[in-house]
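Residue strings, one per chain:
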Amino acid sequence: MPVADVMVRRTRTYAGTVTQPPGIPARGATRLATSRTLPLEVSDLGTFDDLVDLVSGGGVVVLSGAGLSTESGIPDYRGPDGTRRVEPMTYGEFAGSSEARRRYWARSYIGWQRFNAAAPNTGHRRVTQLQRAGFVGPVITQNVDGLHQAAGARDVIELHGSLDRAVCLTCGEVTSRIGLHERMTQGNPGFMDRFAAAAEAVGSQWGEQVRPDGDIVLADDLVETFHPPRCLVCGHDTVKPDVVFFGESVPREVVERCFSLVEQARALLVLGSSLAVMSGYRFVRRAHREGVPVAIVTRSATRGDAEASLRLHAPLGDTLDALVEALHVEP
Ligand SMILES: [Zn+2]
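What counts and what doesn't
Residues numbered from 1 in each chain as written. Predicted model: local features only at pLDDT ≥ 70, side-chain atom pairs only at ≥ 80, totals over all residues. Helix = DSSP H or I, 4+ residues; strand = E, 2+ residues; numbered from the N terminus. Buried ≥ 20, exposed ≤ 12 C-beta atoms within 10 Å, placed from the backbone. Axes fitted to C-alpha atoms, helices over the stretch in contact; angles between N-to-C directions. Parallel < 35°, antiparallel > 145°, perpendicular 65-115°, else oblique. Left-handed = near helix turned anticlockwise from the far one by under 90°. Contact = placed C-beta atoms within 7 Å. Nonpolar A, V, L, I, M, F, W, Y, C, P; charged D, E, K, R; others polar. UniProt positions renumbered as here; feature names shortened; annotations may be inferred.

Enquirer: What is the right way to look at the environment of L323 in this model?
Expert: Looking at the secondary structure, you find L323 in helix 12 (residues 316–326). Using a count of 24 C-beta atoms within 10 Å as the deciding quantity, one classes L323 as buried. As a C-alpha pair, L323 and D49 span 274 residues in sequence and 8.9 Å in three-dimensional space.

Enquirer: Help me out: how do you make sense of the packing of helix 5 (residues 122–132) against helix 12 in this one?
Expert: Each packed pair of helices is defined by two parameters, the angle between the axes and the distance between the axes. Close contact between helix 5 and helix 12 brings their axes to 8 Å; oriented N to C, the two are set at 30°. On the basis of their axis angle, the class for helix 5 and helix 12 is roughly parallel. Note that helix 5 runs across helix 12; the crossing there is left-handed. In contact with T122, G123, R126, V127, Q129 and L130 of helix 5, helix 12 contributes L316, G317, L320, D321, L323 and V324. Its residues assigned to classes, the contact of helix 5 with helix 12 shows 6 nonpolar, 4 polar and 2 charged.

Enquirer: Quick question: what am I supposed to make of the environment of L275 here?
Expert: Structurally, L275 is set in the loop between strand 7 (267–271) and helix 11 (278–289). A C-alpha to C-alpha distance of 6.3 Å links L275 and G304, two positions 29 residues apart in sequence. Here L275 is in contact with V270, G280, Y281, V284, T302, R303 and G304, once residues within four sequence places are set aside.

Enquirer: Please explain the UniProt feature "binding site: Zn(2+)" (unreviewed entry) in the chain as it appears in this structure.
Expert: Look at the UniProt record and you will see "binding site: Zn(2+)" (unreviewed entry) annotated at C168, C171, C231 and C234. Look at the named residues: they lie 67 residues apart in sequence, but the longest C-alpha span between them is just 8.6 Å, so in the fold they bunch up. Considering the arrangement of structural elements, one finds C168 in strand 4 (residues 161–168). On the basis of neighbour counts, which here come to 21 C-beta atoms within 10 Å, the residue C168 falls in the buried class. Setting aside chain neighbours within four positions, we find C168 in contact with E173, C231, V233, C234, H236, T238 and V239. Mapped onto the elements of the fold, C171 is located in the loop between strand 4 and strand 5 (174–176). Owing to 13 C-beta atoms within 10 Å, C171 belongs among the partly exposed residues under this scheme. Excluding anything up to four places from it in sequence, C171 contacts C231, V233 and C234.

Spelled out as structure tokens, the structure:
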């Protein structure tokens, strides 16, 4: 959507409402009028100009989620209504059986190829520009796709780890995902062809099934033919992607570092996260508690709406485009 359309829609949405200065808590009246006709914008609070004002002061810490990467072709776990579309494998399942690990790696072997080919989008690039111009400081991301770094951002804290690496649960050996992928290719000749044939037989577009963690839906009979990777050091089949699974905790030192960054920030800008999981939501709560203004830009309702002083339900790429322009940031 061109920026002009975003501006027009904003004007229409906010016509007649009182402009909400950053840092001032929500008042209920602004959310009522348009709820039936514009469901995605029902809980918007504040205006794009408020966002410009907030970011223009600098000292902004960004918290990004899956919504920032959807424009790179990596789908969100959750639909626009915030409900979960797929059930990811939990840590307990993965650690609990060789069969689960075989299933995970078979699906991930297929899914990661598309995942790995994803490139940063406008949103990632604009965040980097804002950082280089001094408006944005560290970037805390819930994404495991490495796209902030690929877009040139620095000080990126990967809350949930990265799919670039894998670690052995038995001996702790860390290995690169690319090397692991090559080993899986050597250990599973013809697997990709068998998968492609099976997908074609059911008329499936496999690339459309890839999940935010590179996982994919795969038939059981195919999974049974897959040889999962073994650790090169200890030989066990306990190699795990170095990402935080559901049912697992973000490392304590990472959490503490992020709390510290949020407390020292002038503002927390949430981009494309539904804040449905506590791993990200807790930073919004901490910011709110410490009097640090929270701004949220996303396409869906979020769990942190009550703590936000500014909420815009708008496309991220276009909004960040407009923000960079409004702040006169050089490309
Ligand atoms: Zn090992």
